[in-house]
Amino acid sequence: MPTPPPDPCGTLLEGLVEALREAAPTLSEGLPYPQRTGIADVVPGEALVDGPGRCSLTVTVRAVGGVEKGYALSVEGAALVVRDGAEFEDRFRLATAPGERPREADVQRLFDALTADLGLHFATAS
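This structure is a prediction, so every number in the text was calculated from the model and none was measured.

Trainee: Looking at this structure, how should I read the packing of aromatic side chains?
Mentor: Tallied over the full model, the rule gives one aromatic pair. Between Y71 and F88 the ring centres are 6.3 Å apart and the planes differ by 80°, which places this aromatic pair in the edge-to-face class. Of this pair, Y71 sits in strand β4 (residues 68-76) while F88 sits in the loop between β5 (79-83) and β6 (89-93); the two residues are 17 residues apart in sequence, bridging distant segments of the chain. Classification of Y71 as buried rests on a relative accessible area of 3%.

Trainee: Looking at this structure, how should I read the pattern of salt bridges?
Mentor: Between side chains of opposite charge, a pair can form when the charged atoms approach closely. Taken as a whole, this structure holds 12 salt bridges when the rule is applied. Here R83 and E89 are joined by a salt bridge, their closest N and O atoms 3.2 Å apart. The class of R83 is partly exposed, set by a relative accessible area of 26%. Among the residues examined, E89 registers a relative accessible area of 45% and is labelled partly exposed.

Trainee: I'm lost on the side chain of D84 in this one. Help?
Mentor: Residue position: D84 is located in the loop between β5 and β6. Only 3.0 Å separates the side chain of D84 from the side chain of K69, close enough to count as a polar contact. Reaching out from D84, the side chain makes a polar contact with the backbone nitrogen of E87 at a distance of 3.2 Å. Apart from residues no more than four positions distant in its own chain, D84 is found in contact with K69, G70, Y71 and D117.

Trainee: Got a minute to help me understand the nonpolar core in this structure?
Mentor: The tendency in soluble globular proteins is for nonpolar side chains to be buried side by side. Ranked by internal contacts, the top residues of the largest apolar core, which has 32 residues, are L80 and V82. Every element with two or more residues in this core is listed here: α1 (8-28), β1 (39-44), β3 (54-63), β4, β5 and α3 (104-125). It is α1 that provides the largest number of residues to this core, a total of eight residues. Here V82 is in contact with Y71, A72, L73, F88, E89, D90, L110, A113 and L114, once residues within four sequence places are set aside.

About the thresholds
Each chain has its residues counted from 1, following the order in which its sequence is written. This being a predicted model, a pLDDT of at least 70 is required before a residue's local features are given, and a value of 80 or more before pairs of side-chain atoms are given or counted; all residues contribute to the totals for chains, interfaces and linings. To obtain the side-chain values, all non-hydrogen atoms of the structure were included, while hydrogens and water were left out. Here is the rule: rings of Phe, Tyr and Trp (six-membered ring for Trp) pair when centre to centre is within 6.5 Å. Planes less than 30 degrees apart are stacked, more than 60 are edge-to-face, and the remainder are tilted. Helix numbers and strand numbers start at the N terminus; a helix is a DSSP run of H or I with at least 4 residues, a strand a run of E with at least 2. Exposure is judged per residue with a 1.4 Å probe applied to protein chains only, and the accessible area is read against the type maximum: over 50% gives exposed, under 20% gives buried, and values in between give partly exposed. Salt bridge, as used here: a side-chain nitrogen of Lys or Arg that lies within 4 Å of a carboxyl oxygen of Asp or Glu. Whenever a nitrogen or oxygen atom comes within 3.5 Å of another N or O atom, the pair is scored as a polar contact, on the condition that within protein one atom can donate a hydrogen and the other can accept it, and that pairs from neighbouring residues in sequence are kept only if both atoms are in side chains. Should any heavy atoms of two residues lie within 4.5 Å, those residues are considered in contact. Among the buried residues, those of types Ala, Val, Leu, Ile, Met, Phe, Trp, Tyr and Cys that are joined through side-chain atoms within 4.5 Å form a nonpolar core.

Below, the structure is given as structure tokens:
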């Protein structure tokens, strides 16, 4: 039995996370407090297909300051949703279509969403 081709939705999420991992050191330099809220690493779980045009992926984000926080990323139609499972949720329209290389604007927006929440985490933990 031939192996089915990879799901374009899952491949899109995996590509966004990999592009974020590569861009994070440079993007973190532009933050007000990169030593605390910059992203040191993003560790992805396995992409899951949740239905037609819908998929999800869990990630663990490691901040430069040592904090780790888990998020669920999901593609819902043409939108990317970032959730922490508690109070944080950000949703934005993707410029990248399934099958395309991740666009810089989407990587930046994902970075901005994660670092905004990490910044709130540090503000409330201080």
